[in-house]
Amino acid sequence: MSFVTRFAPSPTGPLHLGHAFSALLAHDRARAAGGTFLLRIDDLDRARCRREWEAQIFDDLAWLGLAWPTPVLRQSARLPRYRAALETLWTRGLLYPCTCSRADIRAAASAPQEGAPLHGPDGVVYPGTCRPAMPPTGPMPAEAVLRLDMARACKVADKPLSYMEKDSRIELRDLPRTVGDVVLARRDIGASYHLSVVLDDADQGVTHVIRGQDLAPATQIHALLQRLLGLPAPTYEHHRLIRDAQGKRLAKRDDARAIATYRADGATPRDIRRMVGL
Ligand code: GLU
């Protein structure tokens, strides 16, 4: 089987050691398997993405010794594809519009009868305030938050509901309770991370998704969407996270650990590999 993997950064800040580890690991795995390493730009949230950061990403990755086929895929060019998939889910009665604000959700989820609010991959599990008793009919609203009716989705999705994490099969359990009705279309961008990443991986023929442990909880949603949309299911590898001296996960705002900063201080690509334990 051919091996296709990818690194999919969002150009919202400088790449740090954690990104370097993820990209190098994916690249090394592809090389060892005689496969392909793709670079994809996750720039769906255009308000937060900058072309300057994108240029810096290309530059840092090339400096690290990575190469990838061009042109790279940009999510910002793919909205029609995402909307078409949403239409499919809407027609099947699996989506509904939601008008709750974050504050509404927090308040409803922490109402006394609800017990302690449950947290899922996207934060507080949506308490279902806007979920209709019957699937909405008529055309899909153009500018609306659209949520997946998780209980219905799990009922109609092709079984088995599971995904491969390296050599183990992970079962998807109790998604309506532990994950809830996730947002598949944000009002401002017309799609969401979960939807776009699944469609991009499928359309690019990605066979192996190699990414940080922080995204492991989201993989349940991705595996379900693959079943709902009839997409192939890649194998996943969620790797350890690179942490700072205090044990905190690195974030884009940790400029001190930006690859660009290490470069400016005279580090070599070999130094970076050593720092992330490769
Ligand atoms: N763009 C996402 C991020 O920077 C990664 C998406 C993925 O690997 O699935 O966190």
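Here, every reference points to the structure presented above.
Described below are features of the structure shown in this document. (Residues numbered from 1 in each chain as written. Predicted model: local features only at pLDDT ≥ 70, side-chain atom pairs only at ≥ 80, totals over all residues. Heavy atoms only, no water.)

## Let's talk about the overall build of the chain
When you go through the chain residue by residue, the secondary structure sums to ten helices and twelve strands. On C-alpha atoms alone, the chain measures out to a radius of gyration of 20 Å, which is about the 19 Å that the 2.2 N^0.38 rule sets for 278 residues. Its C-alpha atoms put the chain at 60 × 45 × 35 Å along the principal axes. When burial is assessed residue by residue, the chain has 49% of its 278 residues classed as buried. Restricting to contacts in the chain with at least 6 residues of sequence separation, those with at least 24 account for 79%. Within the structure as shown, the chain displays about 13,500 Å² of accessible surface, and the carbon and sulfur contribution to it stands at 52%. (Helix = DSSP H or I, 4+ residues; strand = E, 2+ residues; numbered from the N terminus. Rg over C-alpha atoms; globule rule 2.2 N^0.38 Å. Buried < 20%, exposed > 50% of the residue type's maximum accessible area, 1.4 Å probe, protein only. Contact = heavy atoms within 4.5 Å. Areas by Shrake-Rupley, 256 points an atom, 1.4 Å probe, with all protein chains shown as cover.)

## Quick word on the site of the ligand
Surveying the vicinity of the ligand reveals the residues Arg6, Ala8, Ser10, Asp42, Tyr193, Val197, Arg211 and Leu215. The contact in question runs from an oxygen atom of the ligand to an N or O atom on the side chain of arginine 6, over 2.7 Å. Coverage of the ligand by the protein chains reaches 79% of its 300 Å² of free accessible surface. (Near = heavy atom within 4 Å. Polar contact = N/O pair within 3.5 Å; in protein donor to acceptor, adjacent residues only side chain to side chain.)

## Section: the sheet that holds strand 10 (residues 183-185)
Taken in spatial order, the three strands make up an open sheet running 4-7-10, and their pairing is antiparallel. Strands with a single pairing partner mark the edges of an open sheet, and in this sheet they are strand 4 (95-98) and strand 10. Each strand axis lies, on average, 45 degrees off the axis of its neighbour in the sheet, ignoring direction. Direction of pairing for strand 7 (residues 145-148) relative to strand 10: antiparallel, over a ladder of two bridges. Across the sheet, arginine 147 pairs through a bridge with valine 183, a residue of strand 10. (Pairing = 2+ DSSP bridges. Axes fitted to C-alpha atoms, helices over the stretch in contact; angles between N-to-C directions.)

## Let's talk about the pairing of strand 2 (residues 36-41)
Across the six residues that make up strand 2, a large majority, five, are buried. Relative to strand 2, strand 1 (residues 4-7) runs parallel, the two sharing four bridges. Within the sheet, the bridge partner assigned to threonine 5 lies in strand 2 and is phenylalanine 37. At this point the chain moves from strand 1, through helix 1 (residues 17-32), to the parallel strand 2, and the crossover so formed is right-handed. The pairing of strand 2 with strand 3 (residues 73-74) spans two bridges and is parallel. Among the inter-strand pairings, isoleucine 41 is bridged to a residue of strand 3, identified as arginine 74. Between the parallel pair strand 2 and strand 3, the chain is carried across by helix 2 (residues 51-63), and the sense of this crossover is right-handed. (Right-handed = clockwise from strand over helix to strand, strands pointing away.)

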